[in-house]
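Here's the letter readout for the chains.
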Amino acid sequence: MATTFDLADLSEDELSALIDEATSLRQTLRKSREHERATAADGSKGQDVRDPDHGVITAPTPRAVKEEGPAHGATK
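Right, let's walk through the structure included here. Residue numbering note: each chain is counted from 1, following its sequence as written. With pLDDT at 70 or above as the cut-off, local features in this predicted model cover only qualifying residues; side-chain atom pairs require 80 or more to be listed or tallied, and sums for whole chains, interfaces and linings still use all residues. For side-chain calculations, the full set of non-hydrogen atoms in the structure is used, while hydrogens and water are omitted.

### What to know about the overall build of the chain
Under the convention used in this document: The numbering of helices and of strands both runs from the N terminus, where a helix is a DSSP run of H or I of at least 4 residues and a strand a run of E of at least 2. Any residue under 20% of the maximum accessible area for its type is buried, any over 50% is exposed, and the rest in between are partly exposed; the area is computed with a 1.4 Å probe on protein chains only.
The helix and strand tally for the chain stands at two helices and zero strands. Relative to its 76 residues, the chain shows a buried fraction of 1%.

### Concerning a nonpolar patch on the surface
Rule in force here: Patches here are clusters of residues that have more than 30% relative accessible area and form no salt bridge, with a 9 Å joining cutoff for like charges and a 5 Å cutoff for nonpolar side chains (Val, Leu, Ile, Met, Phe, Trp, Tyr). In this description, accessible areas are obtained by the Shrake-Rupley approach with a 1.4 Å probe, and a residue is regarded as covered only by the protein chains that are shown. A carboxyl oxygen of Asp or Glu within 4 Å of a side-chain nitrogen of Lys or Arg is what we treat as a salt bridge.
A surface patch of nonpolar side chains, about 370 Å² in accessible area, is lined by Phe 5, Leu 7, Leu 10 and Leu 18. Structurally, Phe 5 is set in the segment before α1 (12-34). Overall, the relative accessible area of 64% leaves Phe 5 in the exposed class.

Interpretation in functional terms is not warranted from these geometric data alone.
Below you can see the structure in the form of structure tokens.
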């Protein structure tokens, strides 16, 4: 659905300011989309668990549990 704007009454300076603001907004949106993951063939976005902003809590490996467990009260 296209939106029509009547720009006939805007001055040259107002049109230039509008174009500059729209261009800036477009660049901001493109930069934010660069961080998004590509859509997979099944339509899912997926998640990058290595992304520091992901918020995932990773499970320790068995070796880490064996080595660190006694320090936290785990029995052998």
